[in-house]
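Overview (structure and organization)
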Amino acid sequence: MSEPAAKADASPPAVAADWRVRILLPIGLLLVGLLARSWRVRVRNAEGWQRLRAENKPWVFALWHATLLPVAWRHSNEGVAVLVSQHRDGELIARVLAAWGNTTVRGSTTRGGSRALLAMIKELERGVVVAVTPDGPQGPALKFQPGTLVAAQRANVPVVPILMHADRAWRLNSWDRFTIPKFFARVTFAYGDPTMVGGSSPREAAADAARFDAIMHQVQKVADA
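What this report covers is the structure whose coordinates are included nearby. (Residues numbered from 1 in each chain as written. Predicted model: local features only at pLDDT ≥ 70, side-chain atom pairs only at ≥ 80, totals over all residues. Heavy atoms only, no water.)

**Section: the sheet that holds strand β6 (residues 159–166)**
Using the following cut-off: At least two bridges found by DSSP between two strands is the condition for calling them paired. Elements are defined by DSSP. Helices are runs of H or I of four residues or more, strands are runs of E of two residues or more, and each kind is numbered from the N terminus. Note on geometry: axes are C-alpha line fits, over the in-contact stretch for helices, and angles between N-to-C directions span 0 to 180 degrees.
The seven strands lie next to each other as β1-β9-β6-β2-β5-β3-β4, forming an open sheet whose pairing is mixed. The two strands at the open ends of the sheet, each matched to only one other strand, are β1 (40–44) and β4 (103–106). On average, each strand axis in the sheet is tilted by 25 degrees relative to the strand beside it, whichever way the strands run. Pairing of strand β3 (residues 81–84) with β4, which is carried by four bridges, proceeds in the parallel orientation. Looking across to β4, one finds that Leu 83 is bridged to Val 105.

**A closer look at the nonpolar core**
Threshold: By convention a nonpolar core is built from buried Ala, Val, Leu, Ile, Met, Phe, Trp, Tyr and Cys residues, the set being connected through side-chain atoms within 4.5 Å. The buried label applies to any residue whose accessible area, calculated with a 1.4 Å probe on protein chains only, is under 20% of its type's maximum; exposed applies above 50%, and partly exposed to all values in between. The contact criterion used throughout is that any non-hydrogen atoms of two residues lie within 4.5 Å.
Among the nonpolar cores identified, the biggest contains 37 residues, and Phe 61 and Tyr 191 are the most heavily contacted of them. Elements that contribute at least two residues to this core include exactly α1 (19–38), α2 (47–54), β2 (60–63), α3 (68–74), β3, α4 (88–99), β6 and β9 (186–191). Sort the elements by how many residues they give to this core and α1 lands first, with six residues. In this view, Tyr 191 contacts Val 43, Arg 44, Asn 45, Ala 46, Trp 49, Phe 61, Arg 74, His 75, Val 160, Pro 161, Ile 162 and Val 219; residues no more than four positions away in its chain are not counted.

**Points about the pattern of salt bridges**
For clarity, the cut-off: Salt bridge, as used here, is a side-chain nitrogen of Lys or Arg placed within 4 Å of a carboxyl oxygen of Asp or Glu.
Counted by the stated rule, this structure contains five salt bridges. In this structure, the salt-bridge partner of Asp 167 is Arg 40, at a minimum N-O distance of 3.6 Å. With Asp 167 in the loop between β6 and β7 (169–171) and Arg 40 in strand β1, this residue pair connects regions lying 127 residues apart in the sequence. Given a relative accessible area of 37%, Arg 40 falls into the partly exposed group.

**Observations concerning the side chain of Asp 208**
Heads up, the condition is: Counted as a polar contact is a pair of N or O atoms within 3.5 Å, where, for protein atoms, one must be capable of donating a hydrogen and the other of accepting one, and residues adjacent in sequence contribute only when both atoms are in side chains.
Mapped onto the elements of the fold, Asp 208 is located in the loop between α7 (202–207) and α8 (209–224). A polar side-chain atom of Asp 208 sits 2.9 Å from the main-chain amide nitrogen of Gly 198. Excluding its chain neighbours within four sequence positions, the residues that come into contact with Asp 208 are Leu 149, Met 196, Val 197 and Gly 198.

**Details of empty space enclosed by the protein**
Filter applied, for reference: For each structure, a 1 Å grid was placed over the protein atoms alone; sets of points admitting a 1.4 Å probe that cannot get out are labelled cavities, open sets with protein on both sides within 12 Å along at least five of seven lines are labelled pockets, and lining residues have an atom within 4 Å of a point. Grid points are joined across faces, edges and corners, and a volume is the space filled by probe spheres set on the points. Under the scheme applied, nonpolar residues are Ala, Val, Leu, Ile, Met, Phe, Trp, Tyr, Cys and Pro; charged residues are Asp, Glu, Lys and Arg; polar residues are all the others, including Gly.
Per the stated rule, a full pass over the model turns up two cavities of 30 Å³ or more. Estimated volume of the second largest cavity: approximately 90 Å³. Around the second largest cavity, the lining residues are Phe 61, Leu 63, Leu 68, Val 71, Ala 72, His 75, Val 80, Val 82, Asn 102, Ala 131 and Ile 162. Within the lining of the second largest cavity, the residues separate by chemical class into nine nonpolar, two polar and no charged.

**Some points on α8**
An α-helical turn contains 3.6 residues, so a residue and the one three or four places further along point in the same direction. Filter applied, for reference: A helix is expected to span 1.5 Å for every residue after the first. Throughout, the arc means the angular range of directions from the helix axis out to the C-beta atoms.
Taking 1.5 Å of rise per residue, the 16 residues of α8 would be expected to cover 22 Å, and the 23 Å separating its terminal C-alpha atoms lies within 8% of that figure. Burial in α8 covers these residues: Ala 209, Phe 212, Asp 213, Met 216, Val 219, Gln 220 and Ala 223. Buried residues of α8, seen end-on, are gathered within an arc of 130 degrees and therefore sit on one face of the element. Set apart from the buried face of α8 by more than 90 degrees, the exposed residues are Ala 210 and Lys 221. Here the buried face of α8 lies against β1, β2, α6 (147–155), β6, β9 and α7.

**Digging into the packing of aromatic side chains**
For clarity, the threshold we go by: Paired rings are identified among Phe, Tyr and Trp, the last through its six-membered ring, by centres lying within 6.5 Å, and are further divided according to the angle between planes into stacked (under 30 degrees), edge-to-face (over 60) and tilted (the rest).
If you walk through the whole model with that rule in mind, you get nine aromatic pairs. Residues Trp 49 and Trp 59 carry aromatic rings whose centres are separated by 6.0 Å and whose planes lie at 40 degrees to one another, so their mutual orientation is tilted. Of this pair, Trp 49 sits in helix α2 while Trp 59 is found in the loop between α2 and β2, placing the two residues 10 residues apart along the sequence. Taken individually, Trp 49 and Trp 59 each receive the classification buried, so the pair is uniform in this respect. A ring pair is formed by Phe 144 and Phe 212, whose centres lie 5.9 Å apart and whose planes are at 45 degrees; its orientation type is tilted. Taken together, the residues Phe 144 in the loop between β5 (130–132) and α6 and Phe 212 in helix α8 connect sequence positions 68 residues apart. As far as burial versus exposure is concerned, Phe 144 and Phe 212 are alike and both buried.

And the structure:
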């Protein structure tokens, strides 16, 4: 894994100086809040991660990049540390997450991977829950990349999949078909059982990606039902 993302801290992202973002972001947050409060939410199989929380044990939430907005809203004000890219859109997402009471780990498990992985592991060892989009930041969509598993394995914590289904949604023309449930949509959040990563080395963790990819798609069927 390379570490080109280390240069990102040398100067603030261009978006930070954009007055339009400073003005429009609060308006956007207000509108998204109104939108989310209209959703008719169903939750399936949440007992596993709720048990971990009751026992004060950390874990890794795994979700597809397309569902980041509704899932982040669902888990707002829980102090989850979300892995967010260093790109311009990542800065916008980081601001939204901060407004919703969560924190961020900047980087990705592919670009600047070593740095991001170490930061994730540090958070997990502190007892913080970490959320990762294993198909991000640029795809391929719905394909589980192994970086998430390496971090979970090294921190010795389970992975908990989160999958979402909305009966009515806007889907952006982006690589992941970023999904925004419409007003009054029926939104279902389905969770997988907490699952430990196999093996004891990064190579063995990476080899487990196919199993977790299958788990994500199986839990998606629960959300879709």
